[in-house]
Amino acid sequence: MRILFSFLIIFSCFGVFAQKAPEKYISATLEQQTNAWNKGDLAAFMEPYWHNDSLRFIGKSGITYGWQQTLDNYKKNYPTPEAMGTLDFTIIKLEKLSGQYYSVIGKWHLARTIGDLQGYFTLLWKKINGKWVIVQDHSS
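Conventions we followed
- Residues numbered from 1 in each chain as written.
- Predicted model: local features only at pLDDT ≥ 70, side-chain atom pairs only at ≥ 80, totals over all residues.
- Heavy atoms only, no water.
- Helix = DSSP H or I, 4+ residues; strand = E, 2+ residues; numbered from the N terminus.
- Buried < 20%, exposed > 50% of the residue type's maximum accessible area, 1.4 Å probe, protein only.
- Contact = heavy atoms within 4.5 Å.
- Areas by Shrake-Rupley, 256 points an atom, 1.4 Å probe, with all protein chains shown as cover.
- Phe/Tyr/Trp six-rings, centres within 6.5 Å; stacked < 30°, edge-to-face > 60°.

Peer 1: Teacher, can you tell me more about the overall build of the chain here?
Peer 2: Along the backbone of the chain there are four helices and six strands. Along its sequence from the N terminus, the chain presents helices and strands in the succession α-α-β-β-α-α-β-β-β-β. By residue count, 34% of the 140 residues in the chain fall in the buried class. Counted over contacts in the chain with a minimum sequence separation of 6, partners at least 24 positions apart contribute 48%. Taken as a whole, the chain presents about 8,900 Å² of accessible surface, with 57% of it coming from carbon and sulfur.

Peer 1: Looking at this structure, how should I read the packing of aromatic side chains?
Peer 2: In the structure shown here, the tally under the stated rule is nine aromatic pairs. Each ring, one from Trp-37 and one from Tyr-78, has its centre 5.0 Å from the other, and the planes form 75 degrees; the classification is edge-to-face. Taken together, the positions of Trp-37 in helix 1 (residues 2-38) and Tyr-78 in the loop between helix 3 (67-77) and helix 4 (81-84) put the pair 41 residues apart, joining distant regions of the chain. Per residue, the accessibility class of Trp-37 equals that of Tyr-78, and both read buried. Pairing Phe-45 with Tyr-74 gives two aromatic rings, centres 5.4 Å apart and planes at 80 degrees, and the pair type is edge-to-face. In this pair, Phe-45 sits in helix 2 (residues 42-46) while Tyr-74 sits in helix 3, placing the two residues 29 residues apart along the sequence. For Tyr-74, a relative accessible area of 11% gives the class buried. Feature note: the residues Trp-37, Phe-45, Tyr-49, Phe-57, Tyr-74 and Tyr-78 constitute an aromatic cluster, connected by ring pairs.

By themselves, these figures tell us nothing about what the structure is for.
So, in structure tokens, the structure goes:
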């Protein structure tokens, strides 16, 4: 009985840690994105996004579909280090929606010599083939 009880405690602890793992991964990934942006590496910044034509990016110009088109838009809109500035993310809420989905609401800020920019974002993360990826980004 004592052994069974010990196993139950151990496995329930693993369950608690497993629930926190996606949240830690997502938070760490957003930090890696910030670092990539601040180094001027847009391809690395885009790495966590779903590499698929069904990726959705919603911004001031409307909806963009696809990983490559989203990357191309970033390159067009932020062509120089001065335009890119220094990025900072603040996570407001990271929420588990289901076993396959997480939502992240946050603020972004670009400190730039040519004028700062800032706004909010909502990211929809989905677990695809065992990996968490951003399938939708609404940034304003």
